[in-house]
Amino acid sequence: MSADNLEKIHAFLKKANEIAWGPPLLFLLLGTGIFLMIQLRALPVRRLVFALRTAFGRRARRTGEPTEAGVSPFASLMTELAAEIGTGNIVGVASAMALGGPGALVWMMLAAVIGLALKFSESFLSVKYRMQKKDGTYCGGPMVTLTRAFPEEKLAKVLAVFFSGSAVLVSLGMGNMTQANSIALAMQDTFGVEREKSALVLTILLLLVVTGGGGFLSKKGFRLEVLVPGMALFYLGGAGIVICLHGGELPRTLSEMVQNAFSFRAASGGAVGAGIALLPPALRYGISRGVFSNEAGLGAGGISAAAAQTDDPVRQGYISMTGVFVDTMVICLVTGLAVGVTGAAERAAEAEKADGAAMVIRAFESVFGPAGGYLVTIGILLFAFATMAGWAYQGEQAFVWLVKKESFGMVYRVFFCFAASAGCVCMAEIVWNFAELANACMAVPNLICVLRLWKTVKEGAVRFESSIKKSEQRKNGGRGGT
């Protein structure tokens, strides 16, 4: 394809993306999250410690083996986290700060707080309305929720089909091509590997993993229980050292982030684009890249949550929402602070080049020297490949539901693998704009679904809260408490 055609595609996707992520969708996303948080009486925040203890406690770690009906709640969470913890945590955060300014990180954190309520609600509904297939495994997600909660309604069926189609596009875009593109760019920048060679190797590796037989989620979920925590700790350790050794810059960085969060000037000093003129660029990029990272509001996490063997859909909702905390409030925050204290975002904005991978590499190299580039590249490889593995499952579930034929699952997996090779060689701007546009399409039907069923969510949360309080009272009574 000629350079002129690529530029036209880029211009079209960029314009469409600006319109899609304009005020209407951002207000719908934030408004739905705030509404749910109010209706739930801030339970997702108040019960965050309980959720973390439930998700990562000793009991959860002992239940990692899959059952005939489904995987353990912990294995399900690891599959969700694998899909969430990707290049958005590295490349997405850094590029958001370069495009929208350091204040983008502030909006990512605020959106994550609201995202707790969104992720809790969509995962709860996916488990509550899931269905069991002939092989005994569970299938769920917003498409199943819509059709089972409103079985006679044509609009619900249309929204379900639209969600599934969008989920397939998101799996190919955000869950695949952007990850592959970041891998290829990181390998090229750090090791000088041609992107075409990265495309070939990555496609072969994906084919080996994704088409490796039946029990796709069960096998993958079990493996990811080791990979996901390991890769997160590996990256957090390196980024934490960068922040500590630039600790003197932390107060200035935090101050700039807060001040920039409400500025209507782009990070490079230019005017804001027409599609987002009503909003600070930090808000637009912070929220859209935050959603890209933690997927709260997209409904994708519900597809993995529905596969869990759990005694209560509310409990699984709490477990699922911890993914937002780990993904954004921990990993994205650490990335943003590392980029901020080293001044990598400011230099990228001045050069008007939002190469997120290169920015984080420069931040790490300020402490580790050339080895910093290797650390970031390894982090990107691990994060991106895990995301592709997680999204291969979620995309397949949406595709199979759409075509109504289980046998077509393998067809999707093969196509998914070869789409990665295209992502490696495409323009990064085209891939990212396509992914964010698909995200917007996926969010709309999911948010409508959650809003229509908010009373069901509230009733379940209140019931579960009552049972928790009774259990706590019994424990306190047994210890001589009042």
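Residues numbered from 1 in each chain as written. Predicted model: local features only at pLDDT ≥ 70, side-chain atom pairs only at ≥ 80, totals over all residues. Heavy atoms only, no water.

Novice: Whenever I open this one, the overall build of the protein confuses me. Can you help?
Specialist: Along its length, the protein carries 22 helices and two strands. Out of the 482 residues belonging to the protein, those deemed buried represent 58%. Restricting the contact set of the protein to residue pairs at least 6 apart, pairs at least 24 apart contribute 84%. (Helix = DSSP H or I, 4+ residues; strand = E, 2+ residues; numbered from the N terminus. Buried < 20%, exposed > 50% of the residue type's maximum accessible area, 1.4 Å probe, protein only. Contact = heavy atoms within 4.5 Å.)

Novice: How should empty space enclosed by the protein be read in this particular structure?
Specialist: Where empty space is left in the structure can be found by rolling a water-sized probe over the atoms. Tallying each qualifying case throughout the model produces two cavities of 30 Å³ or more. Of the pockets and cavities examined, the largest cavity occupies roughly 80 Å³. Lining of the largest cavity is provided by Leu29, Leu30, Ala111, Ala112, Ile114, Gly115, Leu118, Gly290, Val291, Asn294 and Ala296. Only α2 (23-39), α8 (104-128) and α14 (281-294) provide two or more residues apiece to the lining of the largest cavity. It is α8 that provides the largest number of residues to the lining of the largest cavity, a total of five residues. Partitioning the lining of the largest cavity into residue classes produces eight nonpolar, three polar and no charged. (1 Å grid on protein atoms, 1.4 Å probe; cavity = no way out; pocket = protein on both sides within 12 Å on 5 of 7 lines; lining within 4 Å. Points joined across faces, edges and corners; volume = space filled by probe spheres on them. Nonpolar A, V, L, I, M, F, W, Y, C, P; charged D, E, K, R; others polar.)

Novice: It is not clear to me how the pattern of salt bridges should be interpreted in this structure. Could you clarify?
Specialist: Counted according to the given criterion, the structure contains ten salt bridges. Among the salt bridges present, the one from Arg315 reaches Asp311, with a minimum N-O distance of 3.0 Å. Between Arg413 and Glu396 there is a salt bridge whose closest N-O contact spans 2.9 Å. Taken together, the positions of Arg413 in helix α20 (residues 409-425) and Glu396 in helix α19 (residues 370-403) put the pair 17 residues apart, joining distant regions of the chain. This pair shows no difference in class: Arg413 is buried, exactly as Glu396 is. Counted as one network, the salt bridges with shared partners bring together Glu249, Arg252 and Glu256. (Salt bridge = Lys/Arg side-chain N within 4 Å of Asp/Glu carboxyl O.)

Novice: Explain the side chain of Ser293 here, please?
Specialist: Note that Ser293 resides in helix α14. Taking relative accessible area as the criterion, Ser293 reaches 0% and is therefore assigned buried. Of note is the side chain of Ser293, whose polar atom sits 3.5 Å from the side chain of Asn89. With residues up to four places along the chain from it excluded, the contact list for Ser293 reads Glu84, Gly88, Asn89, Asp327, Thr328 and Cys332. (Polar contact = N/O pair within 3.5 Å; in protein donor to acceptor, adjacent residues only side chain to side chain.)

Novice: Honestly, the packing of aromatic side chains in this entry has me stumped. Any pointers?
Specialist: In this description, a pair of aromatic rings is defined by centroid distance and the angle of the planes. The final tally for this structure, using the stated rule, is 13 aromatic pairs. Aromatic side chains Phe120 and Tyr318 sit 4.8 Å apart centroid to centroid with 40° between the ring planes, which places their arrangement in the tilted category. Residue Phe120 is located in helix α8, and its partner Tyr318 is located in helix α16 (residues 313-341); the two are separated by 198 residues in the primary sequence. This pair shows no difference in class: Phe120 is buried, exactly as Tyr318 is. Both rings, one in Tyr412 and one in Phe416, keep their centres 6.0 Å apart while their planes meet at 45°; by these two values the pair is tilted. Within this pair, Tyr412 and its partner Phe416 are both found in helix α20, separated by four residues, close to a single helical turn. Phe416 carries the same exposure label as Tyr412, and that label is buried. Among the aromatic residues, ring-to-ring pairing joins Phe50, Phe120, Phe124, Tyr318 and Phe464 into one connected group. If you follow Arg130 out to its NZ or CZ, it ends over the ring of Tyr138, 3.7 Å from the centre. A cation over an aromatic ring shows up here: Lys404 above the ring of Trp401, its NZ or CZ 3.5 Å from the ring centre. (Phe/Tyr/Trp six-rings, centres within 6.5 Å; stacked < 30°, edge-to-face > 60°. Lys NZ or Arg CZ within 6 Å of the ring centre and 35° of its normal.)

Novice: Sorry, what's going on with the nonpolar core here?
Specialist: Nonpolar side chains in soluble globular proteins tend to end up buried together. With 133 residues, the main nonpolar core has Ile287 and Tyr318 as its most contacted residues. Counting residues per element, this core draws most heavily on helix α10 (residues 154-191), which supplies 14 residues. Tyr318 has contacts with Leu43, Pro44, Arg47, Phe50, Ala51, Phe120, Phe464 and Glu465, leaving out every residue within four places of it along the chain. (Core = buried A, V, L, I, M, F, W, Y, C linked by side-chain atoms within 4.5 Å.)

Novice: Before we go on, may I ask you to explain the packing of helix α11 (residues 195-210) against α20 in this structure?
Specialist: What describes two packed helices is the angle between their axes and the distance between those same axes. With their axes 8 Å apart at the nearest point, α11 and α20 run at an angle of 160° to one another. When the interaxial angle is binned, α11 and α20 end up roughly antiparallel. The interaxial crossing formed by α11 with α20 has right-handed handedness. Here α11 contributes Arg195, Glu196, Ser198, Ala199, Leu202, Thr203, Leu206, Leu207 and Val210 to the contact with α20, which in turn contributes Arg413, Cys417, Phe418, Ala420, Ser421, Cys424 and Val425. A per-class count over the contact of α11 with α20 returns ten nonpolar, three polar and three charged. (Axes fitted to C-alpha atoms, helices over the stretch in contact; angles between N-to-C directions. Parallel < 35°, antiparallel > 145°, perpendicular 65-115°, else oblique. Left-handed = near helix turned anticlockwise from the far one by under 90°.)

Novice: Help me understand unusual backbone geometry, please; the structure alone is not making it clear to me.
Specialist: Negative phi characterises most residues that are not glycine, and trans characterises most peptide bonds. Within the chain, Glu295 stands out as a residue other than glycine whose phi angle is a positive 65°. By the element assignment, Glu295 lies in the loop between α14 and α15 (300-305). Phi is positive for Lys404, which is not a glycine, with a value near 65°. Counting through the fold element by element, Lys404 comes out in the loop between α19 and α20.

Novice: Any chance you could explain the environment of Ala363 here in plain terms?
Specialist: With respect to the helices and strands, Ala363 occurs in helix α18 (residues 356-368). Residue classification places Ala363 among the buried positions, given a relative accessible area of 0%. Residues Ala363 and Val341, spaced 22 residues apart in sequence, show a C-alpha to C-alpha distance of 8.4 Å. The residues contacting Ala363, other than those within four sequence positions of it, are Val242, Ala338, Val339 and Thr342.

Novice: Even after reading the chapter, I still don't get α16, so can you show me in this structure?
Specialist: Given 3.6 residues to a turn, an α-helix orients residues that are three or four positions apart in the same direction. Over its 29 residues, α16 runs 41 Å from end to end, which matches the ideal 42 Å to within 8%, given 1.5 Å per residue. Where α16 bends most, the angle comes to about 30°, and this point is Cys332. Within α16, 24 of the 29 residues are buried, which leaves the element mostly enclosed by the surrounding structure. Near the N-terminus of α16, the side chain that reaches the backbone nitrogen of Val314, with its oxygen 2.8 Å away, is that of Asp312. Trailing α16 by a residue or two, Gly343 shows a phi angle of about 75°, which is positive. (Expected span 1.5 Å × (residues − 1). Bend = angle between axes of the 7 residues up to and from the residue.)

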